[in-house]
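What follows is each chain in one-letter form.
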Amino acid sequence: MAVNIPPADRKGVLIELGGTALVVFALTVSLVGFHIKDISGGITLDLRFVDVASAVAIAIVVRGWLILMRHGHYRIVTVSAAAVAVLLIVSLLFGGAGVQTWLPFKAKLLQWLLAILSAGFAVGSAVRMAREGRPAGSAQDGAVPDEQAALMDRVSAQVQRNALWIGAILFLAAAVFPFMPGVNLQYLDIAVLVLTYIMLGWGLNIVVGLAGLLDLGYVAFYAVGAYSFALFASPDSPLLQDLGWTEGVSFWLCLPFAGLMAALAGVALGFPVLRLRGDYLAIVTLGFGEMIRVTLLNFYSLTKGPDGISNIPPPSLLGYSTQSKMDEETLENTTEFHTAMGWEFDQADTTILLYFVILAMALATNFFTVRVRKLPVGRAWEALREDEIACRSLGINPTNTKLTAFGFGAMFGGFAGSFFATRQTFVSPESFTFIESAVILAIVVLGGFGSQIGVVVAAFLLIGLPEIFRELQEYRMLFFGGSMVLIMLWRPAGLLAHREPTIRMHGRRARASTGSGG
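Undergrad: Explain the overall build of the protein chain to me, please; I cannot follow it from the model alone.
TA: Looking only at helices and strands, one finds 22 helices and two strands in the protein chain. Classification of the 518 residues of the protein chain by burial places 43% in the buried group. Excluding contacts between residues fewer than 6 apart, the proportion of contacts in the protein chain whose partners are at least 24 apart in sequence is 71%.

Here it is in structure tokens:
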């Protein structure tokens with residue numbers, strides 16, 4: 001099983017491995033290389049260079065496996081990856097016998113992840129070797145047809161065609177999730193967080209995925225919706241105190257107002273960027289997001305600046321409060337829902353209510369997006385995304401098209417922001433930094449532009465998994481970043497990229513017959 005790489009490619013392979021090692025070293029030194037310990041004698045700095053060296057070694061091995069698979073050496077990858085997976089599994093199952101003591105990473109969950117990754121490489125390489133039908137090392141000039149990308153394209157198209165059935169299954173699973181055995185308050189909180197980002201991803205998908213307008217300041221509309229609700233719902237709001245109101249407005253009354261304010265902010269952003277495209281549009285939207293955050297930070301008389309607005313109530317249910325009467329002064333004139341129903345108060349009930357509220361809001365966002373794609377405005381968005389000049393020649397007004405995309409996308413961001421405020425019971429400008437916009441955009445890009453189901457998958461991968469693996473502490477960020485790099489190398493267009501037009505000049509059957517006849 002000798003490695004046979006063409007001489008012309010050897011230098012490139014060494015540069016590729018060296019670059020991978022350098023990047024991983026720079027990241028791991030800053031994330032896990034130094035650890036501050038608080039001991040009885042004071043604070044000490046723990047240097048963990050063994051972990052850094054181990055992360056670099058793992059990155060080099062994984063990159064080496066990818067290079068070997070690219071040059072057709074499937075048998076080497078299969079054997080070595082299987083050996084690593086077996087070694088890790090044995091060390092996990094029989095760690096008490098001393099096998100596990102020499103491993104650098106002591107976190108069992110991280111070792112399981114590495115074992116699964118190695119087993120995945122072994123199985124994938126074995127399948128590719130069987131599909132190629134030839135032994136390892138027999139590739140001509142290292143050229144191996146990449147059938148995996150074509151296979152994923154077919155899977156993506158099949159998923160989009162069966163989106164109705166897949167959506168129904170996901171809806172049923174989401175509806176029964178809070179009542180499944182083993183689901184505790186922690187998993188419910190993670191599910192609420194994931195659903196919030198799914199809604200944000202679907203809202204941004206209108207702007208980026210359908211209209212093709214790169215927006216790096218989407219968190220601004222998220223912030224506008226959150227503060228629009230907080231200013232009218234919290235008794236601690238400076239606005240309510242100036243108006244002399246002793247009680248805040250209900251969540252259900254503030255929700256449309258928050259969406260309207262965010263939509264107006266989206267239209268206000270759309271006017272200055274009507275003539276901009278690509279990178280210039282991204283820079284302006286990035287600046288708009290920072291302008292909103294700085295305004296919230298400095299407008300202390302209205303937003304309380306860095307102190308934030310607290311005491312935001314949760315949503316009411318059938319006119320009753322869903323929080324416990326812990327503060328008699330605040331809730332003296334209200335009746336709790338659990339008291340009216342004769343139940344004992346349980347914090348899990350409030351979390352379940354929040355879960356179903358955000359589930360209903362996310363489903364409404366998805367229903368709107370799916371329906372509007374088939375309307376003239378939705379088809380105008382797709383035409384604008386494909387070619388703005390051709391869009392003008394067809395008589396479509398790009399100004400109105402861009403403004404409607406920004407307005408509708410921002411509206412759903414405002415709805416999600418109002419839910420964020422009622423879930424957290426506190427808002428501050430620090431919750432709406434650029435990193436939030438980057439995460440939401442990463443969900444859309446990773447899932448695939450225009451793909452609704454892709455946003456669901458990407459939100460679970462980017463938001464759910466890091467929260468589930470929180471016990472890994474700083475290592476989870478390395479796993480998170482490495483997974484994103486692998487996915488973008490494997491599927492640069494997104495996991496479930498879908499650019500199928502909603503309308504054709506001729507049907508599929510006529511198009512196929514024309515192509516076969518020519």
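Undergrad: Please explain unusual backbone geometry as it appears in this structure.
TA: Note: most residues except glycine have negative phi, and most peptide bonds are trans. For Lys304, which is not glycine, the phi dihedral falls at a positive 65 degrees. Its relative accessible area of 22% is what places Lys304 among the partly exposed residues. Although it is not a glycine, Asn311 sits at a positive phi angle of roughly 60 degrees. One can find Asn311 in the loop between α12 (300-303) and α13 (328-331).

Undergrad: Even after reading the chapter, I still don't get the nonpolar core, so can you show me in this structure?
TA: In globular proteins that are soluble, nonpolar side chains generally tend to be buried together. Met361 and Val427 are the most contacted members of the largest nonpolar core, which has 87 residues in total. If one sorts the elements of this core by residue count, helix α7 (residues 185-210) sits on top with 16 residues. Once you skip the residues sitting within four places of it in the chain, Val427 turns out to touch Ala226, Tyr227, Ala230, Gly308, Ile309, Ile312, Phe420 and Ala421. Core analysis: the next-biggest nonpolar cluster, separate from the first, contains eleven residues, Val62, Met69, Ala81 and Phe121 among them.

Undergrad: Help me understand a nonpolar patch on the surface in this model?
TA: Side chains of Phe34, Leu45, Leu47 and Phe49 sit close together on the surface and give an oily, nonpolar patch of about 400 Å² of accessible area. By the secondary structure assignment, Phe49 is in helix α2 (residues 49-70).

Undergrad: What's the story with α2 in this structure? I'm lost.
TA: An α-helix turns once per 3.6 residues; consequently, residues spaced three or four apart project the same way. The terminal C-alpha atoms of α2, which comprises 22 residues, lie 31 Å apart, in line with the 32 Å expected from a rise of 1.5 Å per residue. Two residues or fewer past α2, Gly72 is found with a positive phi of approximately 85 degrees.

Undergrad: Is there a simple way to think about the pattern of salt bridges in this case?
TA: One pass over the structure, following the stated rule, counts six salt bridges. A salt bridge links Arg373 to Glu382; the shortest N-O distance between them is 2.9 Å. Looking at Glu382, the relative accessible area reads 7%, which means it is buried. Of the charged contacts, one joins Arg385 and Glu386 as a salt bridge, the two residues approaching to 3.0 Å between their closest N and O atoms. Bridged by salt links that share partners, the residues Glu388, Arg392 and Lys402 form one connected network.

Undergrad: Is there a simple way to explain helix α11 (residues 278-298) in this structure?
TA: For α11, spanning 21 residues, the distance from its first C-alpha to its last is 31 Å, which sits close to the expected 30 Å at 1.5 Å a residue. Listed as buried for α11 are Leu281, Ala282, Thr285, Phe288, Gly289, Ile292 and Leu296. The arc that holds every buried residue of α11, seen down its axis, measures 120 degrees, which confines them to one face. Exposed and oriented more than 90 degrees from the buried face of α11 are Asp279, Tyr280, Ile283, Met291 and Asn298. Looking at the buried residues of α11, the elements they touch are α8 (219-233), α10 (251-270), α12 and α18 (398-424).

Undergrad: Please clarify how the environment of Val249 should be interpreted in this entry.
TA: Mapping Val249 onto the fold places it in the loop between α9 (238-243) and α10. Classification of Val249 by relative accessible area gives partly exposed; the value is 22%. Along the sequence, Val249 and Ala233 sit 16 residues apart, while their C-alpha atoms lie 4.8 Å from each other. Not counting residues up to four positions away in its chain, the partners in contact with Val249 are Phe232, Ala233 and Cys254.

Undergrad: Even after reading the chapter, I still don't get the packing of α2 against helix α3 (residues 74-93), so can you show me in this structure?
TA: What describes two packed helices is the angle between their axes and the distance between those same axes. Put simply, α2 and α3 touch, their axes get as near as 8 Å, and they point 155 degrees apart. Viewed along their axes, α2 and α3 adopt a mutual orientation that is roughly antiparallel. Along this stretch, α2 crosses α3, giving a crossing that reads as left-handed. Across from Trp65, Leu68 and Met69 in α2, the residues of α3 making contact are Tyr74, Ile76, Val77, Ser80, Ala81 and Val84.

Undergrad: I'm lost on the packing of aromatic side chains in this one. Help?
TA: The description of an aromatic ring pair rests on the distance of the ring centres and on the angle between the ring planes. Evaluated as defined, the whole model comprises 17 aromatic pairs. Summarising the aromatic geometry, the rings of Trp65 and Phe121 are spaced 5.2 Å apart at their centres and angled 50 degrees between planes, so their arrangement reads as tilted. With Trp65 in helix α2 and Phe121 in helix α4 (residues 108-132), this pair connects stretches of sequence that are 56 residues apart.

Undergrad: For this particular structure, what's the right way to read the environment of Ile292?
TA: Among the structural elements, Ile292 can be located in helix α11. Each C-alpha atom of the pair Ile292 and Phe432 lies 9.2 Å from the other, and the pair is 140 residues apart in sequence.

Undergrad: I tried to follow the environment of Leu210 on my own but got confused; where do I start?
TA: Counting through the fold element by element, Leu210 comes out in helix α7. Given a relative accessible area of 2%, Leu210 falls into the buried group. Taking C-alpha positions, Leu210 is 9.5 Å from Glu386, a pair spaced 176 residues apart along the chain.

Reading the values: the criteria
- Residues numbered from 1 in each chain as written.
- Predicted model: local features only at pLDDT ≥ 70, side-chain atom pairs only at ≥ 80, totals over all residues.
- Heavy atoms only, no water.
- Helix = DSSP H or I, 4+ residues; strand = E, 2+ residues; numbered from the N terminus.
- Buried < 20%, exposed > 50% of the residue type's maximum accessible area, 1.4 Å probe, protein only.
- Contact = heavy atoms within 4.5 Å.
- Core = buried A, V, L, I, M, F, W, Y, C linked by side-chain atoms within 4.5 Å.
- Patch = residues over 30% accessible without salt bridge, like charges linked within 9 Å, V, L, I, M, F, W, Y side chains within 5 Å.
- Areas by Shrake-Rupley, 256 points an atom, 1.4 Å probe, with all protein chains shown as cover.
- Salt bridge = Lys/Arg side-chain N within 4 Å of Asp/Glu carboxyl O.
- Expected span 1.5 Å × (residues − 1).
- Arc of directions from axis to C-beta.
- Axes fitted to C-alpha atoms, helices over the stretch in contact; angles between N-to-C directions.
- Parallel < 35°, antiparallel > 145°, perpendicular 65-115°, else oblique.
- Left-handed = near helix turned anticlockwise from the far one by under 90°.
- Phe/Tyr/Trp six-rings, centres within 6.5 Å; stacked < 30°, edge-to-face > 60°.

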